[in-house]
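# Structural overview
This is what each chain is made of:
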Amino acid sequence: MKKFFAFLMSICLLFALCACNGTPSSEDEPDKGGGSGTETPVEDESTSLLTDKKFKNGFKVRGLGEPIYPEHADEETTEDKFGTLGMLQYGQSDLEEPVWTIAQWSSRYSLHDPEITDFETISEGVYRYENRSKLLQVNTETGEVTLGLKASECYVYGDRVAGQEWPHFLLERDITNQTSPSPFTKISSLKKINVSVDARLDYYEDCMTTEADDGLHAAQLMYYVFVSHRNPQTKSFDDMIWFGLPVFDNRTENVEQADFVDTGSKGSATEKYIYNLGSSQILPDGNGFYKDGEIYSGEDAPYVHVEVDILPYIRTAFDAAQAADCMLNSTYENLYINGMYIGFELPGTYDIQMSLRNLDIRVV
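Positions within a chain are numbered from 1, following the residues in the order the chain's sequence is written. Under the rules for a predicted model, residues below a pLDDT of 70 receive no local features and side-chain atom pairs below 80 are neither given nor counted, while totals for whole chains, interfaces and linings still include all residues. Values reported for side chains reflect all heavy atoms of the structure, with hydrogen atoms and water molecules removed beforehand.

### Regarding the overall build of the protein
Working definition: helices are DSSP H or I runs of at least four residues, strands are E runs of at least two. Numbering for both runs from the N terminus. The secondary structure content of the protein amounts to three helices and 19 strands. A simple rule labels every residue: compare its accessible area, found with a 1.4 Å probe on the protein chains alone, to the largest value its type can have, and call it buried under 20%, exposed over 50%, or partly exposed in between. When each of the 364 residues of the protein is scored for burial, the buried share is 56%. Should any heavy atoms of two residues lie within 4.5 Å, those residues are counted as being in contact. Here the analysis covers contacts within the protein between residues at least 6 apart in sequence; of these, 75% occur between residues at least 24 apart.

Here is the structure:
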């Protein structure tokens, strides 16, 4: 747990690109007029906090983290477990450094390893990486990205038991600079923080070999925004809340709002506060991942629209965190959005694939 806490802090330190990352690039946003019209939020207009939303520069890739089976760790990889291993840039050498990162915790087969990962150019601007446990396909013309994760290739010695790690496959990124964060990311100065994505469940298979326990086993697509406290004295982000949107959960069509301290579920628990909204708060058009009470996947499955203004809920989350003895040295006025991730967490033996488009975080 201490190792992972140290790793979490290293993530915060890595979230240190220039402050302009909180403002749109010319590729991502049109000019709003008025000269420097993107320097401050404009009433009745919104600004995206995300740059390179079409993933044109590719991705950095992190290691596999802690293994599900420590006694068999030598079967997995000799690569750095937590650091950045390299980049996936579609076989091109003239691209800028990626702002997006792939995390592949406890997923057994490293997407970075060319010996076990196939790369293919599908068509102009469309690229695919695939190995035994993971699939990543990116359309750099439209920004649509497909993620696939096979837990059946990860739980090779039986379904998960209490305390074990579980496979993750995430797209993550920083959003602002530590020492001089963008004003677009200061929560107390904003009128709205609109988080959105459209997601389609392309494939889903239950591969459990024992009866599933809802407290141990699940297939989830989570969208987390990092609500972080910036210490005015140290000018660094020193504490955080995982603010979550449970886009998909195979256990229920109607996920309830939940909040708790991330502790005890696995060795790498972060001991940070988690505040997850419910399905009814994030799916304005209903839960299209289900049809007649059953999980609905395949080429004819609909794109499900996910959208919510999280600003009204952040104060509630912050108060709940402090009531649980978290964020005690933090103030609401010094909270910022400094990062995000979206992707799969599979505590159960399930194989799943989703396509995502229109991924965004917009502020006013």
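### Some points on the sheet that holds strand 3 (residues 84-88)
Pairing within the open sheet is mixed, and its nine strands lie in the order 3-2-4-9-18-11-12-14-13. On the outer flanks of this sheet lie strand 3 and strand 13 (258-261), each paired with one strand and no other. This sheet shows a mean twist of 25° between the axes of neighbouring strands, independent of strand direction. DSSP calls a pair of strands paired once it identifies at least 2 bridges connecting them. In this analysis an axis means a line fitted to C-alpha atoms, helices contributing only their contacting stretch, and an angle means the value between N-to-C directions, from 0 to 180 degrees.

### Looking at the confidence of the model for the protein
Confidence scores per residue from the predictor, reported as pLDDT, run from 0 to 100. Across the protein, pLDDT averages 89, with 87% of residues at or above 70. Contacts for the low-pLDDT stretch residues 1-27, under 50 throughout, to residues beyond four places or in other chains number 64 contacts.

### Describing helix 3 (residues 311-323)
For helix 3, built from 13 residues, the straight-helix expectation of 18 Å at 1.5 Å per residue is met to within 8% by its first-to-last C-alpha distance of 19 Å. Burial in helix 3 covers these residues: Leu311, Ile314, Ala317, Phe318, Ala320 and Ala321. Angular distribution of buried residues about the axis of helix 3 spans 165°; they occupy a single face of the element. Residues of helix 3 that are exposed and point more than 90 degrees away from the buried face comprise Pro312 and Ala323. What a helix is expected to span follows from its residue count: subtract one and scale by 1.5 Å. When we speak of the arc, we mean the arc of directions from the helix axis to the C-beta atoms.

### Quick word on the nonpolar core
Counting residues in hydrophobic clusters, the biggest one holds 80 residues, and the most contacted among them are Leu136, Ile193, Tyr223, Ile310 and Ile361. A per-element tally of this core places strand 19 (residues 350-363) first, with seven residues. Once residues within four sequence positions are removed from consideration, Leu136 is found in contact with Phe59, Leu88, Ile102, Leu111, Tyr127, Arg128, Tyr129, Val145, Thr146, Leu147 and Phe169. For our purposes a nonpolar core is just a set of buried Ala, Val, Leu, Ile, Met, Phe, Trp, Tyr and Cys residues, chained together by side-chain atoms within 4.5 Å. Of all hydrophobic cores here, the second largest spans eleven residues; its members include Ala103, Tyr224, Ile274 and Tyr341.

### Points about the pairing of strand 17 (residues 304-309)
The alternating pattern of strand 17 places Val304, Val306 and Val308 on a buried face, while none of His305, Glu307 and Asp309, on the opposite face, is buried. Bridge count between strand 10 (residues 193-206) and strand 17: six bridges; the pairing is antiparallel. Bridge pairing in strand 17 places Asp198 opposite His305.

### With respect to the packing of aromatic side chains
A pair of Phe, Tyr and Trp rings is counted when the ring centres sit within 6.5 Å of each other, with Trp represented by its six-membered ring. The angle between the planes then sorts it: under 30 degrees is stacked, over 60 is edge-to-face, the rest tilted. Scanning the model with the defined rule gives 19 aromatic pairs in all. Plain terms: the ring middles of Phe226 and Trp242 are 5.2 Å apart, the flat faces sit at 85° to each other, and that makes the pair edge-to-face. Residue Phe226 is located in strand 11 (residues 220-231), and its partner Trp242 is located in strand 12 (residues 236-249); the two are separated by 16 residues in the primary sequence. Given a relative accessible area of 4%, Phe226 falls into the buried group. According to the relative accessible area criterion, Trp242 is buried, its value standing at 11%. Through a chain of ring-to-ring contacts, three or more aromatic side chains come together here, namely Tyr204, Phe248, Phe289, Tyr290 and Tyr350.

### Some words on unusual backbone geometry
Positive phi outside glycine occurs at Lys235, with the angle close to 55°. As for its placement among the helices and strands, Lys235 is situated in the loop between strand 11 and strand 12. At Glu271, a residue that is not glycine, the phi angle is positive and equals roughly 65°. As for its placement among the helices and strands, Glu271 is situated in the loop between strand 13 and strand 14 (273-276).

### Some remarks on the side chain of Lys134
The topology assignment puts Lys134 in strand 7 (residues 134-139). Neither His nor the chain termini are counted; the positive set is Lys and Arg, and the negative set is Asp and Glu. Salt bridges, as used here, are contacts in which a Lys or Arg side-chain nitrogen is within 4 Å of a carboxyl oxygen on Asp or Glu. For Lys134, which is buried and forms no salt bridge, the nearest opposite charge comes from Glu76, at a distance of 8.9 Å. A polar atom in the side chain of Lys134 sits 2.9 Å from the side chain of Ser133. With residues near it in sequence (within four places) discarded, Lys134 still touches Gln104, Ser107, Tyr109, Ser110, Leu111, Tyr129, Gly148, Leu149 and Phe169. For this analysis, a polar contact is any N or O atom pair within 3.5 Å, provided that within protein one partner can donate a hydrogen and the other can accept it, and provided that sequence-adjacent residues contribute only side-chain to side-chain pairs.

### Brief notes about the pairing of strand 6 (residues 126-130)
In the sheet, strand 5 (residues 118-123) pairs with strand 6 via five bridges, with the strands oriented antiparallel. Its bridge partner being in strand 6, Asp118 is matched across the sheet by Glu130. Linking strand 5 to strand 6, which pair antiparallel, is a turn of two residues; within it Gly125 sits at a positive phi near 80°. Joining the antiparallel neighbours strand 6 and strand 7 is a turn of three residues.

### Thoughts on the pattern of salt bridges
Pairs may arise between side chains of opposite charge once their charged atoms sit close together. Enumeration according to the criterion identifies 13 salt bridges in this entry. With a closest N to O distance of 2.8 Å, Lys60 and Glu97 form a salt bridge. With Lys60 in strand 2 (residues 59-62) and Glu97 in the loop between strand 3 and strand 4 (100-103), this pair connects stretches of sequence that are 37 residues apart. A salt bridge links Asp239 to Lys272; its shortest N-O distance comes to 2.9 Å. Note that Asp239 is positioned in strand 12 and Lys272 in the loop between strand 13 and strand 14, a separation of 33 residues in sequence. Judged by relative accessible area, which is 8%, Lys272 ranks as buried.

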